[in-house]
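Breakdown of the fold
So you can see what is in the structure, the chains are spelled out below.
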Amino acid sequence: MNAQHRGTIVVVSADVGAGHDSAAAELARRLADRGFAVHRVNFLHLLPRPARWMFREAYRGVLRWAPWGYDALFTITGRSRLTVAVLRGALAPLRGRARRAVPAGTRAVVTTYPFANQLLGPLRRSGVLPVPLVTYVTDFVVHPTWVAPGVDVYCTLRHARHHTSGTGATLDVRTVSPLVSADFPAATRTTRRAARRRFGLPERERLVLIVAGAWGTGDVEATVAAADAADGVRTVVVCGRNAGLRQRLRGLTRHVLGWVDDMPTLMRAVDVVVENAGGLTCQEALSCGLPVITYRPLPGHGRANAAILAAAGLTRWAPSAEQLRRALATLATPDPPSVGGWTGGWADPAALVADEAGRQTGGGCAAYRRRRAVLDAVDEAVGVLATVLPSIRWVGGR
């Protein structure tokens, strides 16, 4: 079916790391295959220009230099509904921009970033956004920052848990398969020897892939040192876009990579993955059937994800360097065990979104266009008044 016959779906993510954007990109690809036009929105681009850089760099800086601060913020917002309400109120001035980012003819809006829910949820609840609002939770922990009045459906992964039960709301939660590209399980059709040649890796070694997200966040040097001390393994490190980390690691280990475009083939080349966040890279490794060890997890969502994954038996959490070495000795085998039932048997998020969009009637879209025209006129009038009134006061005072 042609995209123009099915309408537009807006997908809102954020370029904070790569996980939220990668999930959004995979969802957009699947929706396009189903005949929808997809309009991507970066949440950070709804902020005033100086605030975009400040927000991203503040988040990166806290994770790197003051992880205890991020952990405290994660805990506080997890225990107090008031703090999330304050966040929602702080985002209220951006609602006009958010509304204008949703084009006429939209059938549904999907978010892959929690703060987007706090911005769009009130618009949906008040009727300003008259189309379904769906969120895909990228973590295994449903933190209260994901939960907002007005969100119609929450798509969560198998084994996902609520960080706290004190949200005071009954949520429509659906279990879905992870938004992982089919290229990852398909990469198993490539021979390991060919995959290793692709990256110039030794063909006969037991290889441990160490990942730390797009930003190379966490104490990666300590992880590399601990893994290198394990018997019979060799490390391969992906530093993402962290050029400084890559430069520092070149003196510690041989196989150090920057940003990798072909992660499916790289994962086919290795025997085990060591990670620190439990995010998308972890999900990609599990979809390949690779054993995963969590070591030195990031504060906040990283530790919460690690606890859930380990309790479910999907990964191993190594609390110390010695336990990491023992786990590597057990898991880094020539024929690593696979994780069964990880991706199959659960709803495709794109199918769920398409069903929600199918419930949207043409009348709702027409009502949205009329309401949007009225609100745009109000916004324009307010802008004119803000420009003219100071001039009137100045003329009157002469």
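Scroll up for the structure.
Treat the numbers as computed from the prediction; the structure is a model and nothing was measured. (Residues numbered from 1 in each chain as written. Predicted model: local features only at pLDDT ≥ 70, side-chain atom pairs only at ≥ 80, totals over all residues. Heavy atoms only, no water.)

**Regarding the pattern of salt bridges**
Tallied over the entire structure, the rule returns 23 salt bridges. Here Glu-26 ties to Arg-29 by a salt bridge, and the two come within 2.8 Å at their closest N and O atoms. Taken together, the residues Glu-26 and Arg-29, both in helix α2 (residues 19-33) and 3 residues apart, mark about one turn of the helix. You can call Glu-26 buried: its relative accessible area is 8%. A network of salt bridges, in which partner residues are shared, links Glu-26, Arg-29, Arg-30, Asp-33, Arg-34 and Asp-348. (Salt bridge = Lys/Arg side-chain N within 4 Å of Asp/Glu carboxyl O. Helix = DSSP H or I, 4+ residues; strand = E, 2+ residues; numbered from the N terminus. Buried < 20%, exposed > 50% of the residue type's maximum accessible area, 1.4 Å probe, protein only.)

**Focus: the sheet that holds strand β14 (residues 316-318)**
Working definition: the strands of a sheet are paired by backbone hydrogen bonds and lie parallel or antiparallel to each other. The parallel open sheet is built from 6 strands, whose spatial order is β11-β10-β9-β12-β13-β14. The open sheet has two edge strands, β11 (255-257) and β14, and neither has a second partner. The average angle at which neighbouring strand axes cross in this sheet is 25°, direction not considered. Inspection of the sheet shows strand β10 (residues 234-238) paired to β11 by 3 bridges, in the parallel sense. Paired with Val-236 across the strands is His-255, a residue of β11. Most of the contacts of helix α13 (residues 280-287) go to strand β13 (residues 292-295), to which it runs at about 155°, and overall it touches β9 (207-211), β12 (272-275) and β13. (Pairing = 2+ DSSP bridges. Axes fitted to C-alpha atoms, helices over the stretch in contact; angles between N-to-C directions. Contact = heavy atoms within 4.5 Å.)

**Considerations on the sheet that holds strand β3 (residues 106-111)**
Taken in spatial order, the 6 strands of this open sheet run β2-β1-β3-β4-β6-β8, and their pairing is parallel. What marks the edges here is a single partner per strand, and that holds for β2 (37-42) and β8 (173-176). If you compare each strand with its neighbour and ignore which way they point, the axes differ by 25° on average. Looking at chain direction, strand β1 (residues 8-13) and β3 are connected through 5 bridges and run parallel. Pairing of Thr-8 across the sheet is with Thr-106, part of β3.

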